[in-house]
Amino acid sequence: RRKNMADYCVLAADRGRARFFTLDTMEPDEQTGGPDLVEKADFTNPEKRLPQTERFTESKPGAGRETESGAIHGYDDHRDQYEAETDRKFARAVIERMAKMAAERNCPRIIIAAPSRMLGLLREYEDVLTRTNAAVQVISKDISKLSPQQIHEHLAKEDLLPPRRKPSFV
């Protein structure tokens, strides 16, 4: 087995953060058990870190203002479009980073876990992953805030990862 190889590359993401993991299923250590899901990178969407008040310098023009008819209108000043474009850029960067990690580690399997809205964005760039020749499996669930052990347990319950074995004391 080559030194730089992982059996699984795992992505747990939402629209603000993406976490990248690997799982090497070589024989687990008798004393410590295993295999262990290991976090390799944590990538945040820079636009999601700023509060909306800092991303947009003025409040929405016209929003909440009463017209002569007495109706209150929201005003579209392209903020939703801006947010969507920001999310798309983040999704593309995440997929590119996942493809690079999978290629560097000769990873035959990629697992992507994200809420449905983020999955839709990631799927726009799935062609980037086809270059890795890895089998891609997807689960529509936000597990990005869980610990690596909890993510491993969750994906093992879904039969996406092999379960972690307990240490065997002789």
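From a predicted model like this one, the values you see are computed outputs, not experimental measurements.

Colleague: Describe the overall build of the chain, listing the residues and the values that go with them.
Modeller: Regarding its fold elements, the chain presents six helices and seven strands. Overall, the chain shows an N-to-C arrangement of helices and strands of β-β-β-α-α-β-β-α-β-α-α-β-α. In the chain, buried positions account for 36% of the 170 residues. The long-range fraction of contacts in the chain, counting pairs at least 24 apart against all pairs at least 6 apart in sequence, stands at 65%. Total accessible area computed for the chain in this model is approximately 10500 Å², and 48% of it derives from carbon and sulfur atoms.

Colleague: So what about the sheet that holds strand 2 (residues 17-23)? Which residues, and what values?
Modeller: Read from one edge to the other, the open sheet built from five strands follows the order 3-2-1-6-7, with strand pairing classed as mixed. Each having just a single partner strand, strand 3 (37-44) and strand 7 (135-140) make up the two edges of the open sheet. Between one strand and the next, the sheet's axes are offset by a mean angle of 15°, whatever the strand orientation. Two elements, strand 6 (residues 109-114) and strand 7, share six bridges in a ladder whose sense is parallel. Bridging from a neighbouring strand, Ile 111 pairs with Gln 137 of strand 7.

What counts, and at which threshold
- Residues numbered from 1 in each chain as written.
- Predicted model: local features only at pLDDT ≥ 70, side-chain atom pairs only at ≥ 80, totals over all residues.
- Heavy atoms only, no water.
- Helix = DSSP H or I, 4+ residues; strand = E, 2+ residues; numbered from the N terminus.
- Buried < 20%, exposed > 50% of the residue type's maximum accessible area, 1.4 Å probe, protein only.
- Contact = heavy atoms within 4.5 Å.
- Areas by Shrake-Rupley, 256 points an atom, 1.4 Å probe, with all protein chains shown as cover.
- Pairing = 2+ DSSP bridges.
- Axes fitted to C-alpha atoms, helices over the stretch in contact; angles between N-to-C directions.

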